[in-house]
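Residue-level listing of the chains:
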Amino acid sequence: MSIADRPEHDPAHCREMFAHLSEYLDRELDETACREIEQHLRHCDACRACCATLARTVALCRGMPAHAVPETMSTRLREAIEKLRSGDGTVSGAGPD
Amino acid sequence: MSKPRVSKQQRTNDRDASLIEAINAGETDRFYELVQRYQQALFNFGLRICGQAADAEDMVQDTFLNVFKYLGTFRFESQFKNWLYRIAMSVCIKRRRRSKFAPERELSLDEFLPGDEQIAAETPAWAREPLDRLLDEELARRIEDAILALPESYRPVLVLRDLEGFSTEETAQILNLTSGNVKVRLHRARLFVREQLKEYFNHEHRRSA
Ligand SMILES: [Zn+2]
């Protein structure tokens, strides 16, 4: 069945398109898949509304302001590193792997 | 496992390469430059993952101390920044027992499928508004709360992708996941956050309608 013949309100198809909305927004889909989603969005109010708010959610996350570093943290960090540099003190905890 | 050979290209693509080489060659006082470069990003990452400033501070401290200890073993097989976040994640996991996390559960796609909710036929007007007019303090707090309410296996994926700006592949590498897995978890995490902001979206929509 070609994309054009596909019944646009088929819930299984809708679910399938809905599952890939983030990849669509992230431009991680190939051209065919992109076109299929765009075709679906033209016909499905629910997915179109979801896509708009999902895109907004992502934009809001990307625009989140950063918190300033507490001065106490920098001071404490400097002291701990100074200790290590002078060969004193031990590091416990996690390594890279 | 044999270590992959690292091309000179990979090393010169890393903005931290010359600084790391200097530190590893003995200029350990320059380690503070590395701290300066990343402490704010790491602190914010810690806040998003742990929720508490005190936990985030401890995480940053442990991370940098481990970086100091292991920097000599860093071989530019990934960007330094990605390696740094890998260490930060393993510190978070070690500390997890001591901090409160949202209950772990699977998020299924079906719980987010659009249903009887009010549907705007056209893209609502607010969706075209500039972001700075929308992202006020109250909204930022709501987003932070929504992120912290995410189950543990979804939160770092969303934070790394949508707040820290890592690519799908980098996120997969940092979290030891496949790219496919990152995409699936990211989508559900975004849908979860979107769900928490529904009231805000409806309100914005009504206001602009
Ligand atoms: Zn649909």
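Residues numbered from 1 in each chain as written. Chains lettered and ligands numbered in written order. Predicted model: local features only at pLDDT ≥ 70, side-chain atom pairs only at ≥ 80, totals over all residues. Heavy atoms only, no water.

Engineer: What's the story with the domain arrangement of chain B in this structure? I'm lost.
Structural biologist: Accessible area lost on assembly of the parts is the figure often given for the size of an interface. Residues and elements named next belong to chain B. Its domain assignment divides chain B into domain 1 (8–98) and domain 2 (109–208). Regarding the contact of domain 1 and domain 2, the summed buried area is about 1,400 Å², with carbon and sulfur atoms giving 58% of it. The largest share of the area that domain 1 buries against domain 2 comes from Arg 48, Asn 82 and Arg 86, three residues that together contribute 45% of it. The shortest N-O distance in the salt bridge between Arg 48 and Glu 144 comes to 2.7 Å. (Domains from an automatic or database assignment. Buried area = accessible area lost by both parts, 1.4 Å probe. Salt bridge = Lys/Arg side-chain N within 4 Å of Asp/Glu carboxyl O.)

Engineer: I'm lost on the packing of aromatic side chains in this one. Help?
Structural biologist: Geometry of an aromatic ring pair is reported as the spacing of the ring centres plus the angle between the planes. Residue and element names in this part refer to chain B. Per the stated rule, a full pass over the model turns up 10 aromatic pairs over all chains. Judged by centre distance (5.0 Å) and plane angle (65°), the rings of Phe 45 and Tyr 85 are edge-to-face. Placement of Phe 45 in helix H3 (residues 31–50) and of Tyr 85 in helix H5 (residues 80–95) is noted, with a sequence separation of 40 residues between them. Exposure class is identical for Phe 45 and Tyr 85. Each is buried. Plain terms: the ring middles of Phe 74 and Phe 80 are 5.8 Å apart, the flat faces sit at 80° to each other, and that makes the pair edge-to-face. The burial state of Phe 74 is the same as that of Phe 80; both residues are buried. Put simply, the rings of Tyr 38, Phe 74, Phe 76, Phe 80 and Trp 83 touch in pairs and so form one group of aromatic residues. Between the NZ or CZ atom of Lys 81 and the centre of the ring of Phe 166, over which it lies, the distance is 4.8 Å. (Phe/Tyr/Trp six-rings, centres within 6.5 Å; stacked < 30°, edge-to-face > 60°. Helix = DSSP H or I, 4+ residues; strand = E, 2+ residues; numbered from the N terminus. Buried < 20%, exposed > 50% of the residue type's maximum accessible area, 1.4 Å probe, protein only. Lys NZ or Arg CZ within 6 Å of the ring centre and 35° of its normal.)

Engineer: Help me understand the nonpolar core in this model?
Structural biologist: Nonpolar side chains tend toward joint burial in soluble globular proteins. Residue and element names in this part refer to chain B. The biggest cluster of nonpolar side chains holds 85 residues, and the ones touching the most others in it are Phe 31, Leu 34, Phe 45, Phe 64, Leu 71, Phe 80 and Leu 158. When residues in this core are grouped by element, the largest group, 11 residues, is from H3. In terms of domain composition, this core takes at least three residues from each of domain 1 (8–98) and domain 2 (109–208). Excluding residues within four positions of it along the chain, Leu 34 makes contact with Asp 16, Leu 19, Ile 20, Ile 23, Phe 64, Leu 71 and Phe 80. (Core = buried A, V, L, I, M, F, W, Y, C linked by side-chain atoms within 4.5 Å. Contact = heavy atoms within 4.5 Å.)

Engineer: Just to check I follow, could you spell out helix H3 (residues 31–43) of chain A for this structure?
Structural biologist: Three or four residues apart is the spacing at which side chains of an α-helix point the same way, because the helix has 3.6 residues per turn. Residue and element names in this part refer to chain A. For H3, which comprises 13 residues, the first-to-last C-alpha distance of 19 Å matches the rise-based estimate of 18 Å (1.5 Å per residue) to within 8%. By the burial criterion, the buried members of H3 are Cys 34, Glu 36, Ile 37, Gln 39, His 40 and Leu 41. If you follow the buried residues of H3, they end up packed against helix H1 (11–19), helix H2 (21–25) and helix H4 (45–62). (Expected span 1.5 Å × (residues − 1).)

Engineer: Would you take a moment to explain helix H7 (residues 137–148) of chain B for this structure?
Structural biologist: All names here are of chain B. Helix length check: H7, at 12 residues, gives a terminal C-alpha distance of 17 Å against a target of 16 Å (1.5 Å per residue), a fit within 8%. If you check which residues of H7 are buried, you get Leu 139, Ala 140, Ile 143, Glu 144, Ala 146 and Ile 147. For H7, the angular spread of buried residues about the axis comes to 160°, placing them on one side. (Arc of directions from axis to C-beta.)

Engineer: Any chance you could explain the pattern of salt bridges here in plain terms?
Structural biologist: Opposite charge on two side chains makes pairing possible when the charged atoms of those side chains draw close. Taken as a whole, this structure holds 19 salt bridges over all chains when the rule is applied. Between Arg 161 of chain B and Asp 26 of chain A there is a salt bridge; the shortest N-O distance is 3.2 Å. Taken together, the residues span two chains, with Arg 161 of chain B in helix H8 (residues 155–163) and Asp 26 of chain A in the loop between H2 and H3. As far as burial versus exposure is concerned, Arg 161 of chain B and Asp 26 of chain A are alike and both buried. Asp 16 of chain B is the partner of Arg 37 of chain B in a salt bridge, and the nearest nitrogen-oxygen pair spans 2.6 Å. Taken together, the positions of Arg 37 of chain B in helix H3 and Asp 16 of chain B in the loop between helix H1 (8–12) and helix H2 (17–24) put the pair 21 residues apart, joining distant regions of the chain. Its relative accessible area of 0% is what places Asp 16 of chain B among the buried residues.

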